Amino acid sequence: MMIQQIDRTILNSIFLPKHLLGSQEVRFVLSDTDKIEKEDEVIISFGEPVNQEGFTTESFNYINNPDGTIRWIFPVDAKSPQFLEFYNTATPRARVFALGCKLAFKFKSQRFISSGIFHVNTRGATRIENALSATKHDTYNIFTGTNGVNRSFLAAVGSGGKTTHFLKGMIDPADSDSIYHEQDQLEKAQNLNLINVVTPASQIVKGDLIMESIRPKRSAQPGHLNEVHHQFLANLAKQTATPVSIKGSDFAATVKAGLDRIVPDDRINEDLFNLIEVHKQLLQSEALIPASQAHGDFTPWNMFMNGKQLNVIDWELGMDKAPMLFDLFHFIFQSERFIYHGDTN
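Right, let's walk through the structure included here. (Residues numbered from 1 in each chain as written. Predicted model: local features only at pLDDT ≥ 70, side-chain atom pairs only at ≥ 80, totals over all residues. Heavy atoms only, no water.)

**Some details on a nonpolar patch on the surface**
Selection criterion: Patch definition: residues with relative accessible area over 30% and no salt bridge; like charges joined within 9 Å; nonpolar side chains (Val, Leu, Ile, Met, Phe, Trp, Tyr) joined within 5 Å. In short, Shrake-Rupley with a 1.4 Å probe defines the accessible areas, and a residue's cover is counted only from the protein chains shown. Salt-bridge detection follows one rule: a side-chain nitrogen of Lys or Arg within 4 Å of a carboxyl oxygen of Asp or Glu. Secondary structure elements follow DSSP: runs of H or I of four or more residues count as helices, runs of E of two or more count as strands, with numbering from the N terminus. Whether a residue is buried, partly exposed or exposed follows from its accessible area with a 1.4 Å probe, protein chains only, as a fraction of its type maximum: under 20%, in between, or over 50%, in that order.
A cluster of nonpolar side chains, contributed by Leu272, Leu275, Val278 and Leu282, occupies part of the molecular surface with about 350 Å² of accessible area. With respect to the secondary-structure elements, Leu275 resides in helix α7 (residues 270-282). Taking the relative accessible area as the measure of exposure, Leu275 reaches 43% and is therefore partly exposed.

Shown next, in the form of structure tokens:
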């Protein structure tokens with residue numbers, strides 16, 4: 001049994017109590033010859049549960065990404081595939097996969113969709129259990145997050161057969177500013193008079209973000225902009241519009257940080273690199289542009305439409321001073337790229 005380093009890092013962050021992150025690591029037991037130390041607080045075994053005094057054990061199924069890394073985690077006794085809360089079903093192929101998962105659970109045949117099982121053996125509460133200590137729940141499913149900077153994991157938290165909350169935690173505790181930023185953006189959105197728009201109530205518990213589930217029982221996630229989207233964007237712009245210099249916009253700071261990471265390279269055409277330098281200079285302009293608050297990741301998979309009502313989640317990339325129409329452009333580009341696979345050039 002082999003486990004990739006990225007999975008070690010993620011499982012360590014999810015299950016090790018937060019006060020031990022950085023000072024201790026999860027012990028991974030992959031074979032009968034792996035040793036257990038007396039100071040181990042959390043042991044994850046991919047064979048049999050650890051039969052040691054003082055440990056409690058919970059067993060999980062997991063489903064891998066195409067590259068073999070772990071994508072979703074759910075208890076072996078889970079009654080429903082709550083991990084589908086993190087899955088966009090905008091395409092026919094995705095809907096078929098989601099239906100297959102639901103049927104597997106209905107007929108208690110989860111083994112047909114599972115990539116394997118591991119056991120979390122602990123002396124005390126895990127990081128997730130600590131964060132959910134004040135939230136009524138009887139189960140949770142985990143999405144290990146999207147690879148990249150500021151990677152976070154998400155847990156769909158269930159009670160009585162329903163998803164009631166979501167928990168978000170950063171894989172690297174050093175990135176915790178993202179949690180506080182999202183909480184700030186959620187509070188600002190809730191303080192606006194956004195017509196027919198719902199955003200989740202939230203709170204930070206032990207450095208992790210807990211948000212109520214606002215997904216309606218019946219909803220859609222259309223991949224094309226419609227009147228409901230337009231109303232939300234127009235209302236947000238109307239209430240938060242302000243002139244700002246290009247240099248002073250949140251967007252410019254983000255773009256410049258990305259461009260600064262591009263260094264001269266033989267693989268980059270010289271003319272293209274010169275154009276990048278020109279754009280970096282333009283981002284320092286004091287010229288005024290219309291700006292407003294923006295969601296920052298306004299995409300079909302971050303919202304649920306129920307008639308005229310729009311429920312909007314995942315405000316992690318929210319901006320106070322983004323160029324007007326940023327969300328509009330972002331929605332079109334992302335939909336074409338990831339749903340319709342159009343030519344975004």
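**With respect to the pattern of salt bridges**
Counted under the stated rule, the structure contains 14 salt bridges. A salt bridge links Asp40 to Arg27; the nearest nitrogen and oxygen atoms lie 3.0 Å apart. Here Arg27 lies in strand β1 (residues 27-29) and Asp40 lies in the loop between β1 and β2 (42-45), a separation of 13 residues in the sequence. For Lys168, the salt bridge goes to Glu182, with nearest N and O atoms at 2.8 Å. Of this pair, Lys168 sits in strand β8 (residues 162-170) while Glu182 sits in helix α4 (residues 177-190), placing them 14 residues apart in sequence. Like Glu182, Lys168 is buried.

**With respect to the packing of aromatic side chains**
Stated precisely, the cut-off is as follows: Between the rings of Phe, Tyr and Trp (Trp by its six-membered ring), a pair exists once the centres lie within 6.5 Å; its type follows the angle of the planes, with under 30 degrees stacked, over 60 edge-to-face, and the other angles tilted. The rule is short: NZ of Lys or CZ of Arg within 6 Å of the ring centre and within 35 degrees of the ring normal puts a charge over the ring.
In total, this model carries 21 aromatic pairs according to the counting rule given. Seen in terms of ring centroids, Phe60 and Tyr140 are 6.2 Å apart; in terms of plane orientation they differ by 35°. Their pairing is tilted. Within this pair, whereas Phe60 is found in strand β3 (residues 56-64), its partner Tyr140 is found in strand β6 (residues 139-143), the two being separated by 80 residues in sequence. Chaining the aromatic ring pairs together yields one cluster made of Phe15, Phe46, Phe60, Tyr62, Phe118 and Tyr140. Across the ring face of Phe338, the terminal group of Arg337 is positioned such that the distance to the ring centre comes to 5.0 Å.

**Digging into the layout of surface pockets**
Put simply, the rule reads: Only protein atoms enter the 1 Å grid, on which a cavity is a set of points fitting a 1.4 Å probe that cannot get out and a pocket is an open set with protein on both sides within 12 Å along at least 5 of 7 lines, lining residues being those with an atom within 4 Å of a point. Grid points are joined across faces, edges and corners, and a volume is the space filled by probe spheres set on the points. Residues are grouped as follows: Ala, Val, Leu, Ile, Met, Phe, Trp, Tyr, Cys and Pro are nonpolar; Asp, Glu, Lys and Arg are charged; every other residue, Gly included, is polar.
Of the pockets and cavities examined, the second largest pocket occupies roughly 780 Å³. Considering the residues around the second largest pocket, the lining is formed by 23 residues, among which Glu85, Lys102, Arg215, Pro216 and Lys217 are closest to the centre. Every element with two or more residues in the lining of the second largest pocket is listed here: α2 (92-106) and β8. When the residues that make up the lining of the second largest pocket are grouped by side-chain class, the tally is 7 nonpolar, 10 polar and 6 charged.

**Here we look at the pairing of β6**
For clarity, the cut-off: Note: two strands are recorded as paired if DSSP finds a minimum of 2 bridges between them.
The element β6 is largely enclosed, with a buried count of 4 among its 5 residues. One ladder, built from 2 bridges, connects strand β4 (residues 70-75) with β6; its direction is antiparallel. Bridge pairing in β6 links Ile73 to Ile142. As judged from the 5 bridges shared by β6 and strand β7 (residues 152-159), these two strands associate in the antiparallel manner.

**Topic: unusual backbone geometry**
Here Asn150, not a glycine, exhibits a phi torsion of approximately 55°, which is positive. With respect to the element layout, Asn150 can be found in the loop between β6 and β7. What makes Asn150 partly exposed here is its relative accessible area of 36%. Of note in the backbone geometry, Lys206 takes a positive phi value of approximately 55° without being a glycine.

**Examining the sheet that holds β6**
Rule in force here: Note on method: axes are straight lines fitted to C-alpha atoms, helices fitted across the in-contact stretch only, with angles between N-to-C directions ranging 0 to 180 degrees.
The 10 strands are arranged β1-β2-β5-β3-β4-β6-β7-β8-β11-β10 in an open sheet whose pairing can be described as mixed. In this open sheet, the two strands that pair with only one neighbour each are β1 and β10 (202-205). Averaged over all neighbouring strand pairs, the angle between strand axes comes to 25°, with direction disregarded. With 3 bridges connecting them, β1 and β2 associate as parallel partners. Residue Phe28 lies in a different strand from β2, and its bridge partner there is Ile44.

**Here's the deal with the sheet that holds strand β12 (residues 242-245)**
Put simply, the test is: Here a residue-residue contact requires only that any non-hydrogen atoms of the pair lie within 4.5 Å.
As summarised here, the arrangement of the 3 strands in space is β12-β13-β16, forming an open sheet in which the pairing is antiparallel. Two strands bound the open sheet, and with one partner strand each, they are β12 and β16 (319-323). Neighbouring strand axes in the sheet, compared pairwise and without regard to direction, differ in orientation by 55° on average. For strand β13 (residues 288-294) and β16, the ladder comprises 3 bridges, and the chain directions are antiparallel. When the sheet's bridge partners are listed, Ser292 is paired in β16 with Ala322. In this fold helix α5 (residues 227-240) packs onto β12 and β13, with an angle of close to 120° to the strand it touches most, β13.

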